[in-house]
Amino acid sequence: MVTICFANNKGGSGKSTSCSNLGSALAKLGKKVLLIDGDMQMNLSLSFFDEEKVLAFAQEEQNIYRALLEEEDLTSYIKHTDDENIDIVVSTTLMSSIEMDLFSKWQREFVFRKCLKKIKKKAEYDFILIDSPPTLGCWVMNILCASDYVIMPVEASPWGLFGLANMFDFLDKVNEIAPDVSLLGILVTKVDERKNYYKQTMETLHSYENLPVFDTVIHTDSAIEWAQDASSTVVNFKRSSRSAKEYLKLAKEVDGKCQ
Ligand SMILES: Nc1ncnc2c1ncn2[C@@H]1O[C@H](COP(=O)(O)OP(=O)(O)OP(=O)(O)O)[C@@H](O)[C@H]1O
Ligand SMILES: [Mg+2]
């Protein structure tokens, strides 16, 4: 079993879209996947349930915020989705104050790791995929400390690359207390080949020695937005679309790298 989180403090870089679609694509390969929505925006949850359901879940007494506060095992917080290979722990707007609550905890960077311990031990899932918010605080540090790998989605834009330096510094800090978490790869998203900047982005990324960059890139595709409008992933909503095929290719690449 492998735990992978999606992190980048640059907002809108494709974390939630990639987390949900990689989950769907791995499920199509027959892998059992647990998704965990760590962002109060609840975008990952909205890819598997409609708005009404997500809001209802978010108000349940049993929610991820409470689990973290009480340092409880997350097993009973898991929901089944329509896809038999995908389960999910949904998020809640209460997560907006998690930073403050973690601050006073003993071993505050490892609270989430404790909540996941039993699920990992049971090893019922092939992959746990965690979506994170666009911040670099104690909560995202908790997410990284609970992961084996991180995928950093990067938009092919100048500001997209600018934010990466912060991410590398942050990963260095994480490695001081959790030495085993490593970068699985940079995933270039929202690619528009008509724009020259895409080529420059790829050249810049490949110029760094030892920087893992996925061969698969994700093109800008309106099918992604239509899928999100239908509370679905593009892999489930329109498998013939370019982005669905790309996420299926990414799933094979990720699976290969994690063997
Ligand atoms: N390949 C794509 N083609 C078209 N639109 C995309 C693509 N990937 C993501 N988007 C859109 O870009 C926006 C940002 O994507 P997403 O929410 O996945 O990013 P994020 O990194 O999770 O954002 P945040 O930092 O706010 O959590 C969304 O509106 C999404 O629909
Ligand atoms: Mg997001």
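It should be emphasised that the depicted structure is a prediction, and the values quoted were computed from it without experimental measurement.

(A) Structural detail: the overall build of the protein. Of regular secondary structure, the protein possesses twelve helices and seven strands. Taken against the 2.2 N^0.38 rule, which gives 18 Å for 259 residues, the C-alpha radius of gyration of the protein at 17 Å falls within 12% of a compact globule. In terms of overall dimensions, the protein has a C-alpha envelope of 50 × 40 × 30 Å along the principal axes. When burial is assessed residue by residue, the protein has 43% of its 259 residues classed as buried.

(B) Local environment of helix α2 (residues 51-58). Where α2 is concerned, the buried positions are Val54, Phe57 and Ala58. With its buried residues spanning 100° around the axis, α2 presents them on a single face. For α2, exposure combined with an orientation more than 90 degrees from the buried face picks out Glu52 and Ala56.

(C) Broad picture of unusual backbone geometry. The phi angle at Glu71 is positive, at roughly 55°, despite the residue not being glycine. In this fold, Glu71 is placed in the loop between α3 (64-70) and β3 (79-80).

(D) Expanded view of the site of ligand 1. Around ligand 1, 20 residues are found, and the nearest of them are Gly11, Lys15, Ser16, Thr17 and Pro134. Those elements giving two or more residues to the shell around ligand 1 turn out to be α1 (15-28) and α10 (222-229). When grouped by side-chain class, the residues that make up the shell around ligand 1 number three nonpolar, twelve polar and five charged.

(E) Fine view of helix α8 (residues 164-177). Here α8 contains 14 residues, and its C-alpha end-to-end distance of 21 Å stays within 8% of the 20 Å for a straight helix at 1.5 Å per residue. What α8 keeps buried is the set Leu164, Met167 and Val174. Along the axis of α8, the buried positions cluster into a sector of 65°, meaning they face one direction only. Of the exposed residues in α8, the ones pointing more than 90 degrees away from its buried face are Ala165, Asp169, Asp172 and Glu176. Packed against the buried residues of α8 are α6 (138-145), β6 (149-155) and α7 (158-162).

(F) Quick peek at the sheet that holds β6. The strand order across the open sheet built from seven strands is β3-β4-β2-β5-β1-β6-β7, with neighbouring strands paired in mixed fashion. Unpaired on one side and paired on the other, β3 and β7 (182-189) mark the two borders of the sheet. Of the strand pairs in this sheet, β6 and β7 are connected by seven bridges, and their pairing is parallel. When the bridges of β7 are listed, Val154 appears paired with Val188. Against the sheet, α1 makes contact with β1 (2-6), β2 (33-37), β4 (86-89), β5 (127-131), β6 and β7, and its axis sits at roughly 165° relative to β5, the strand it touches most.

Here is what the cut-offs are and how they apply
- Residues numbered from 1 in each chain as written.
- Chains lettered and ligands numbered in written order.
- Predicted model: local features only at pLDDT ≥ 70, side-chain atom pairs only at ≥ 80, totals over all residues.
- Helix = DSSP H or I, 4+ residues; strand = E, 2+ residues; numbered from the N terminus.
- Rg over C-alpha atoms; globule rule 2.2 N^0.38 Å.
- Buried ≥ 20, exposed ≤ 12 C-beta atoms within 10 Å, placed from the backbone.
- Arc of directions from axis to C-beta.
- Near = placed C-beta within 6 Å.
- Nonpolar A, V, L, I, M, F, W, Y, C, P; charged D, E, K, R; others polar.
- Expected span 1.5 Å × (residues − 1).
- Contact = placed C-beta atoms within 7 Å.
- Pairing = 2+ DSSP bridges.
- Axes fitted to C-alpha atoms, helices over the stretch in contact; angles between N-to-C directions.

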